[in-house]
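# Notes for the structure review
Next come the chains, spelled out residue by residue.
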Amino acid sequence: MGYLSILLKVSGEALGGESGIGFDTAALSRLTAEVKSVSLDGVAVALVIGAGNLVRGRDLLQRGLGALGLRQVSADQMGMLGTIANGLAVRDLLDHAGVPSTIFSTHGIPSVAATYSVAEALEAMQDGKVVICAGGTGNPLFTTDSAACLRGIELGVDAVIKATQVDGVYDGDPRKDPSAIRYDSLTFDEAIEKRLAVIDTTASALCRENDMPLIVYAFKNDGALSRIVNGSNEGTIIRAN
């Protein structure tokens, strides 16, 4: 077994399928099947899900709402609430598929989600439950990539795994540039220096300073998550050194 515990980061857009908006049945089914597969193999799983399929604070501001008075802090808080909505949907789908799960949120809503606690999240993972960490870091101005790396470090997982639209990290956008070259491995310093669009610099620094490996792979590739946790070199791995 390559990894016994993981933090899986999935963007909200991935849940929206090709359109990246709302909820796509095929995308949700794929996520459920992938998580179920590794969970049944005995891998402890935590999840962080973005909210780009529902709301992106940055987009709201760019559309002119900032000029009308919407603040960056409020826009980011709207995004955090969107991650809770996504987390609730994924929790129900996992439960329906026979995968015990629970959701914690940095914004405690007693009737919806328990307030995030490292100790309680660890206990749930040890009990065999998939732990969904919603609400981002709980603070504005931080991305869900930063939240994923932070939660992965707090929960002591073996690796943070990021599901994306492409099969790893490239020196350009392979969807626009057919000559873009994929990296099999990188260091966080290299990713920062080359300004590669992997995760933000705050998330990179967190992983680098805490020796947390990050693996980037294509969400659309069926069975990829299982292959990765079993030691496959699929995607791109980024390490501290």
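Note: the structure precedes this text.
Owing to the predicted nature of the structure, the values given are computational and were not obtained by experimental measurement.

## Re the overall build of the protein
When its secondary structure is counted, the protein shows 9 helices and 11 strands. A globule of 241 residues ought to have a C-alpha radius of gyration of about 18 Å, and the protein, at 17 Å, matches this closely. Along the first, second and third principal axes, the C-alpha atoms of the protein reach 45 × 40 × 35 Å. The buried share among the 241 residues of the protein stands at 48%. Contacts in the protein between residues far apart in sequence, at least 24 positions, make up 72% of those at least 6 positions apart. Of the roughly 11,200 Å² of accessible surface on the protein, a fraction of 50% belongs to carbon and sulfur atoms. A distance of 5 Å separates the average location of the 20 positive side-chain charges in the protein from that of its 28 negative side-chain charges.

## A closer look at the pattern of salt bridges
Going through the model one piece at a time under the given rule, you end up with 12 salt bridges. A salt bridge links K162 to D145, with the nearest nitrogen and oxygen atoms 3.0 Å apart. Residue K162 is located in strand 6 (residues 159-164), and its partner D145 is located in helix 6 (residues 144-154); the two are separated by 17 residues in the primary sequence. The pair K162 / D145 is uniform in exposure class, with both members buried. Bridged by salt links that share partners, the residues K9, D145 and K162 form one connected network.

What counts as what
Residues numbered from 1 in each chain as written. Predicted model: local features only at pLDDT ≥ 70, side-chain atom pairs only at ≥ 80, totals over all residues. Heavy atoms only, no water. Helix = DSSP H or I, 4+ residues; strand = E, 2+ residues; numbered from the N terminus. Rg over C-alpha atoms; globule rule 2.2 N^0.38 Å. Buried < 20%, exposed > 50% of the residue type's maximum accessible area, 1.4 Å probe, protein only. Contact = heavy atoms within 4.5 Å. Areas by Shrake-Rupley, 256 points an atom, 1.4 Å probe, with all protein chains shown as cover. Lys, Arg positive; Asp, Glu negative; His and termini not counted. Charge placed at Lys NZ, Arg CZ, Asp CG, Glu CD. Salt bridge = Lys/Arg side-chain N within 4 Å of Asp/Glu carboxyl O.

Scope: geometric values only; no functional claims are made or implied.
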